[in-house]
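# Close look at the chain arrangement
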Amino acid sequence: MAADLIAAAASARAASHPAPLPAPATDEAARPTLSVEGIDLHYGAAHILRGVSLEARPGEVTCILGRNGVGKTSLMRAITGQHPVSGGTIRLQGADITRARPFARARAGIGYVPQGREIFPLLSVRENLETGFAPLPRGQRHVPAEVFELFPVLSDMLRRRGGDLSGGQQQQLAIGRALTMRPKLLLLDEPTEGIQPSIIKDIGRAIETLRARGDMAIVLVEQYFDFAWALADRVVVLERGAVAISGARSGLDRSTVSRAVAV
Ligand SMILES: Nc1ncnc2c1ncn2[C@@H]1O[C@H](COP(=O)(O)OP(=O)(O)OP(=O)(O)O)[C@@H](O)[C@H]1O
Ligand SMILES: [Mg+2]
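Reading the values: rules and limits
Note that residues are indexed from 1 along each chain, following the sequence as it is written. Ligands are numbered from 1 and chains lettered from A, in the order in which they are written. In keeping with the predicted nature of the model, local features appear solely for residues at pLDDT of at least 70, side-chain atom pairs appear and are counted solely at 80 or more, and the whole-chain, interface and lining totals rest on all residues. By definition, a residue lies near a molecule or strand when the C-beta atom built from its backbone is within 6 Å of it. Secondary structure elements are taken from DSSP: a helix is a run of H or I of four residues or more, a strand is a run of E of two residues or more, and numbering for both begins at the N terminus. Residue classes follow a fixed rule: Ala, Val, Leu, Ile, Met, Phe, Trp, Tyr, Cys and Pro count as nonpolar, while Asp, Glu, Lys and Arg count as charged, and any other residue, Gly among them, counts as polar. Strand pairing is assigned whenever DSSP identifies at least 2 bridges connecting the two strands. To define axes, lines are fitted to C-alpha atoms, for helices over the stretch in contact only, and angles between the resulting N-to-C directions are given on a 0 to 180 degree scale. Residue pairs qualify as contacts under a 7 Å threshold applied to their C-beta atoms, which are placed from the backbone. A set of buried residues drawn from Ala, Val, Leu, Ile, Met, Phe, Trp, Tyr and Cys, joined through C-beta atoms within 7 Å, is what defines a nonpolar core. The exposure label follows from counting other C-beta atoms within 10 Å of a residue's C-beta, where the C-beta atoms are placed from the backbone and the thresholds are 20 or more for buried and 12 or fewer for exposed, leaving partly exposed in between.

### With respect to the site of ligand 1
The local shell around ligand 1 holds 13 residues, among which Tyr-43, Asn-68, Lys-72, Thr-73 and Ser-74 are the closest. If you list the elements that add at least two residues to the shell around ligand 1, you get strand S2 (46–56) and helix H2 (72–80). Element by element, the count of residues in the shell around ligand 1 is highest for H2, at three residues. Its residues assigned to classes, the shell around ligand 1 comprises four nonpolar, eight polar and one charged.

### Focus on the sheet that holds strand S8 (residues 217–222)
Taking strand neighbours across the sheet as the criterion, the six strands line up as S6-S7-S8-S3-S9-S10 in an open arrangement whose pairing is mixed. For this open sheet the edge positions go to strand S6 (110–113) and strand S10 (242–248), each flanked by a neighbour on one side alone. For this sheet, the mean angle separating the axes of adjacent strands, direction not counted, is 15°. Relative to strand S9 (residues 234–239), strand S3 (residues 61–65) runs parallel, the two being bridged by four bridges. Across the sheet, residue Ile-64 finds its bridge partner in S9, namely Val-236. Each of S6 and strand S7 (185–189) touches helix H7 (residues 167–180); the most contacted strand, S6, lies at about 170° to it.

### So, the sheet that holds S2
One open sheet holds the four strands; their spatial order is S2-S1-S4-S5, and the pairing between them is antiparallel. Of all strands in the sheet, those bounded by a partner on one side alone are S2 and strand S5 (95–96). In the sheet, strand S1 (residues 34–43) pairs with strand S4 (residues 87–92) via five bridges, with the strands oriented antiparallel. Considered in S4, the bridge of Leu-34 is made with Leu-92.

### A short note on the pairing of S1
Relative to S2, S1 runs antiparallel, the two sharing seven bridges. Following the sheet pairing, Leu-41 is matched in S2 by Leu-49. The turn joining S1 and S2, which pair antiparallel and follow one another in sequence, is formed by two residues; a positive phi near 55° is taken by Gly-44.

### Side note on the nonpolar core
Ile-79, Leu-185, Leu-187, Ile-218, Val-219 and Leu-220 are the most contacted members of the largest nonpolar core, which totals 63 residues. Here Leu-185 is in contact with Thr-33, Leu-34, Ala-56, Leu-92, Gly-109, Ile-110, Gly-111, Ala-217 and Val-219, once residues within four sequence places are set aside.

Okay, structure coming up:
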């Protein structure tokens with residue numbers, strides 16, 4: 001009875017006031033930015049990824065861990081569209097992008113910091129950052145101030161050639177280039193590989209700042225376990241191309257995960 005009365009009062013209110021916007025079917029903050037559902041990937045006859053599923057949500061860091069050669073970079077290539085999957089589905093904010101071209105995925109909001117950085121050695125730092133403009137509409141073609149706030153060294157080096165930067169500076173440049181695209185999903189493939197400790201700290205702080213903004217989902221591939229564990233909200237461990245462990249970090253046992261990835 002009480003429920004009927006509340007419903008009647010609500011419909012009377014609705015009749016006399018503009019209807020409020022209906023609540024979204026799924027809570028926007030909780031909806032995954034990225035959903036990877038049972039993907040397979042082959043290089044020729046070699047079956048590299050086997051039914052891999054994971055999700056990445058805004059304001060969270062999802063860490064992909066695993067030993068050398070388990071398929072971490074192949075997973076990134078599947079998500080960015082650089083290599084086709086042979087099964088499964090990839091969704092970005094609910095939209096099926098499984099067959100979309102890499103450029104369309106970049107335009108839809110996937111930013112990628114590849115393993116080994118792949119900056120353009122003969123272009124200046126500024127020009128490297130400006131390559132991030134490609135998927136943007138004309139009005140947004142400027143480097144966001146955030147890039148220089150996160151990595152002040154880049155603003156001092158805008159005219160330097162990318163190839164003349166240290167490895168750590170190149171990694172910061174590669175992250176800055178991806179951020180220039182204003183990604184909704186940021187993929188980082190082993191950003192600490194071969195980088196000096198002080199710059200690893202800067203990169204960790206940058207990831208924390210981006211997470212705190214709350215609107216970007218971050219996928220971090222790492223072999224540096226302590227770094228990854230300190231940042232992770234969710235953890236996915238790959239073994240021989242398949243998910244061996246997956247879940248919120250708070251529900252996982254650190255030493256079990258660490259043993260699964262120890263070399
Ligand atoms: N283009 C390719 N053609 C054929 N095999 C490939 C190719 N790229 C990678 N592989 C193989 O696929 C497997 C997975 O490689 P991948 O680079 O995805 O692993 P990874 O987990 O990123 O390794 P690492 O930790 O060394 O970066 C490896 O056995 C690798 O040799
Ligand atoms: Mg790799």
